[in-house]
Amino acid sequence: MRVLGIDVGGSGIKGAPVDTASGKLLAERKRIKTPHPATPQAVARTVRELARHFDWEGPIGCAMPAVVKRGRLRTAANISRSWLGVNAVALLRKETGCPVSVINDADAAGYAEMHFGAGRNREGLVIMVTLGTGIGTALFINGHLVPNTELGHLTLRGRDAETWAAESVREKKDLGWKKWARRVDAYLRLLQGYFWPDAFIIGGGVSGKWRKFLPHLKLITPIVPAKLRNDAGIIGAALAYDHERRRTRQKRSLG
Ligand code: BGC
């Protein structure tokens, strides 16, 4: 199946058509700067612009940095608060005229890695952690997603963990790799202590530079760098559309 995958981030909105059977991008991805303020209307217009760029009339899978319940955004840590309660599926469907599904961005990246990347054939409990503007998490049990875990907001050192250990904090505070790695280590230890996963997959924009920080992490739990890097959100958002469609069909056929 061909789905236009779109990943809405704090600085860019990226998209590309994806073949969901192989996870391959079918065209070079296109990035448009995230409008500011990133209100629902402004983001929807950008999504439409991306669809036009690819002359797209087929299904669209979109990843957003928020909890998504039945199409509605329920949190807004790193996007405009005007998204709270908005039915993103209905809005994007109306704006583009295409069938749409919407999923949390870390869940999307996790889907992609579990299918085509670092999580392939991994059994047990796997936690994908995306380090970017914020910290996103996706939890998989034997390949099945437990959606909308917001473990980036656990309390660490008396504050919201993502405000202390996200990649954006390293950049803003100009922290050295080793110093920042100690923060990531403390964060992963917190997760390890509560969940004892079989593996962590570390993704997000910074995962391409894993050699600079992964060697400084001292956990017992195996840690693997994400493989799909910046494309994971796009691929996973497209996959999520495919999954949702299958589930709906299955439900219908079961009556
Ligand atoms: C949001 C999550 C999102 C993560 C990564 C967090 O601030 O609460 O929903 O997955 O950032 O973008």
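Conventions used here
- Along each chain, numbering runs from 1 in the same order as the chain's sequence is written.
- In keeping with the predicted nature of the model, local features appear solely for residues at pLDDT of at least 70, side-chain atom pairs appear and are counted solely at 80 or more, and the whole-chain, interface and lining totals rest on all residues.
- Based on all heavy atoms of the structure, the side-chain values leave hydrogens and waters out of the count.
- Where helices and strands are cited, they refer to DSSP runs of H or I of at least four residues and of E of at least two residues respectively, numbered from the N terminus.
- The size measure is the radius of gyration over C-alpha atoms, and the globule rule it meets is 2.2 Å times the number of residues to the 0.38 power.
- Partly exposed describes any residue whose relative accessible area lies between the buried limit of under 20% and the exposed limit of over 50%, with all areas from a 1.4 Å probe on protein chains only and scaled to the type maximum.
- Two residues qualify as a contact provided that any one of their heavy atoms is within 4.5 Å of a heavy atom in the partner residue.
- Per-residue and other accessible areas were derived by the Shrake-Rupley procedure at a 1.4 Å probe size, with only the shown protein chains allowed to occlude residues.
- Throughout this description, the term nonpolar core refers to a set of buried Ala, Val, Leu, Ile, Met, Phe, Trp, Tyr and Cys residues connected via side-chain atoms within 4.5 Å.
- The start and end points of each domain follow an automatic or database-based domain assignment.
- Here the quantity called buried area is the total loss of accessible area, with a 1.4 Å probe, experienced by two parts when brought into contact, counted for both.
- When a carboxyl oxygen of Asp or Glu lies within 4 Å of a side-chain nitrogen of Lys or Arg, that pair is called a salt bridge.
- Each polar contact in these results corresponds to two N or O atoms within 3.5 Å; when the atoms are within protein, one needs to be able to donate a hydrogen and the other to accept it, and residues that are neighboring in sequence are counted only if both atoms are side-chain atoms.

Caption draft 1: Quick peek at the overall build of the protein chain. A count of helical and extended segments in the protein chain gives eight helices and 15 strands. In terms of overall size, the protein chain behaves like a compact globule, its C-alpha atoms giving a radius of gyration of 17 Å where 255 residues would be expected to give roughly 18 Å. Dimensions of the protein chain, computed from C-alpha atoms along their principal axes, come out at roughly 50 × 40 × 35 Å. Every one of the 255 residues in the protein chain was classed for burial, and the buried ones make up 54%. In the protein chain, the share of contacts with a sequence separation of at least 24, taken over all contacts with a separation of at least 6, comes to 61%. When the accessible surface of the protein chain is split by element, carbon and sulfur atoms take 48% of a total near 12400 Å².

Caption draft 2: Spatial organisation of the nonpolar core. Counting 30 residues, the largest nonpolar core has Val129, Leu131, Tyr187, Leu188 and Phe213 as the members making the most contacts within it. Mapped onto this core, the elements with two or more residues apiece are β9 (125–131), β10 (135–141), α4 (162–165), α6 (177–195) and β14 (199–203). A total of nine residues in this core trace back to one element, the largest contributor, which is α6. The residues touching Phe213, leaving out its near neighbours within four places in the chain, are Leu131, Trp177, Trp180, Ala181, Ile202 and Val206. Formed by 29 residues, the second largest nonpolar core is a distinct cluster that contains Leu4, Ile13, Leu50 and Ala88.

Caption draft 3: Examining the domain arrangement of the protein chain more closely. In terms of domains, the protein chain is made up of domain 1 (2–107 + 231–254) and domain 2 (118–227). For domain 1 and domain 2, the distance between their C-alpha centres works out to 23 Å. Residue-level contacts link nine residues of domain 1 with 14 residues of domain 2. With both sides pooled, the region where domain 1 packs onto domain 2 buries about 840 Å², and carbon together with sulfur makes up 49% of that total. The tally of links between domain 1 and domain 2 comes to zero salt bridges. Where domain 1 touches domain 2, the interface holds three residue pairs in polar contact (both at pLDDT 80 or more).

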